[in-house]
Amino acid sequence: MSALAQLGLLLALAPLTQGVAQRVKSWMAGRRGPALLQPYRDLLRLFRKGAVYSTTATWISQMAPPVIMAATLGAFLFVPLGAPRAPLAFPGDLVLFAYLLALARFALIALAMDAGSSFEGMGASREAWIAAMAEPALFLALGALAVMSGEISLSGLLASGSGASLYGAGLTRALVAVALWLVLLAETSRMPVDDPATHLELTMVHEVMILDVSGPDLALCEYANAVKLYGLSLLLSQVVVPPGAGWGAHLLAQLAGVGACAALVGVTESLTARVAMRRVPQLLIGASVLAGVALVAALGAR
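Residues numbered from 1 in each chain as written. Predicted model: local features only at pLDDT ≥ 70, side-chain atom pairs only at ≥ 80, totals over all residues. Heavy atoms only, no water.

Asks: Describe the side chain of Thr172, with residues and values.
Replies: You can see Thr172 is positioned in helix α7 (residues 170–187). Apart from the residues lying within four places of it in its own chain, the contact partners of Thr172 are Met148, Ala294, Ala297 and Ala298. (Helix = DSSP H or I, 4+ residues; strand = E, 2+ residues; numbered from the N terminus. Contact = heavy atoms within 4.5 Å.)

This is the structure in structure tokens:
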């Protein structure tokens, strides 16, 4: 699949992922809930509005939202979508994948700090703190997959999952999947790490950082978060169910996997409460431990 086609699919399907999660969450609570297409309507409404900037804001507030969106989209061009090989792929691209996500996070933190509000500063501090614990888990999980597959590109290590080289590595792959699931919840500001529906500034993480962002800038920040949820769900689904042959079956399997991840996010948010901030390190360090055990097991099996 070409880079333009993959970009189009990412942009077209990402808000639907949030819609599925919201719908499942409403269904679990016995409510009708918003329509599946509500995230598209929200984004369209925001894009039609004008942007308002704080009197303390600088050029950073105007530049950060496009950087967040571009870096997030660029990162997920390294994850195969509808084909065994991603549009962008080279040996070691998994490091660039992780650093593009880090660049998007840095731009978001800079945007929050530029508003000159103590609430945004508090949210930026929490975002950096959570990211510092989630990134080791992501690197260890990708490292375990790289050792199992013998590949150091995302396309290679995901595509090789259907090969005989991974036969018998189901437990190791399950540990990687659990670690990536916890990373997904942290990176996309979902419960039990964060509560995307809260209105209490003192308990917010992601939402408090964009309190002073409006119009198209807010739409880009929300769109990038939806793309991240879609992209990480896509990555996780290919770890759980390695891609098979044929682009049609490949694409259908991926869409089913992403839909299942989105539904699982809704179920998780319905059945769990947000953990206290002091317990977030236990959750994310636990993800690093699981990924580390998977890496050691993969090294031992070679």
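Asks: Explain helix α2 (residues 38–48) to me, and be specific about the residues and the numbers.
Replies: Along α2, the residues classified as buried are Pro39, Leu43 and Leu46. Around the axis of α2, the buried residues are gathered within 65° of arc, so they sit on the same side. Those residues of α2 hidden inside the fold are in contact with α1 (3–28) and α9 (215–240). (Buried < 20%, exposed > 50% of the residue type's maximum accessible area, 1.4 Å probe, protein only. Arc of directions from axis to C-beta.)

Asks: Break down the packing of α7 against helix α11 (residues 280–301) for me, with residues and values.
Replies: Contact geometry for α7 and α11: axes closest at 8 Å, N-to-C directions at 150°. By the angle between their axes, α7 is roughly antiparallel relative to α11. Relative to α11, α7 is oriented so that their crossing is left-handed. Residue-level inspection shows Thr172, Leu175, Val176, Val178, Ala179, Leu182 and Ala186 of α7 in contact with α11, the latter providing Leu283, Leu284, Ala287, Leu290, Ala291, Val293, Ala294, Ala297 and Ala298. Looking at side-chain class alone, the contact of α7 with α11 contains 15 nonpolar, 1 polar and no charged residues. (Axes fitted to C-alpha atoms, helices over the stretch in contact; angles between N-to-C directions. Parallel < 35°, antiparallel > 145°, perpendicular 65-115°, else oblique. Left-handed = near helix turned anticlockwise from the far one by under 90°. Nonpolar A, V, L, I, M, F, W, Y, C, P; charged D, E, K, R; others polar.)

Asks: Lay out unusual backbone geometry with the relevant residues and their values.
Replies: Cis geometry is found at the peptide bond from Met191 to Pro192, where omega equals 15°. For Pro192, the location among the structural elements is in the loop between α7 and α8 (206–209). One non-glycine residue, Ser189, lies in the positive phi region at around 60°. Looking at where Ser189 falls in the secondary structure, it is placed in the loop between α7 and α8.

Asks: Can you break down helix α3 (residues 59–75) residue by residue, with the values?
Replies: Between the first and last C-alpha of α3 there are 24 Å, a value that for 17 residues agrees with the 24 Å anticipated at 1.5 Å per step. By the burial criterion, the buried members of α3 are Ser61, Ala64, Pro65, Ile68, Met69, Ala71, Thr72, Leu73, Gly74 and Ala75. Where α3 is buried, its residues meet α1, α4 (93–114) and α9. (Expected span 1.5 Å × (residues − 1).)

Asks: Pulling in residues and values, what's your account of the environment of Leu11?
Replies: Residue placement: Leu11 occurs in helix α1. By relative accessible area, which is 29% here, Leu11 ends up partly exposed. C-alpha separation for the pair Leu11 and Tyr223, spaced 212 residues apart in sequence, amounts to 8.2 Å. Excluding anything up to four places from it in sequence, Leu11 contacts Met69, Leu73 and Tyr223.

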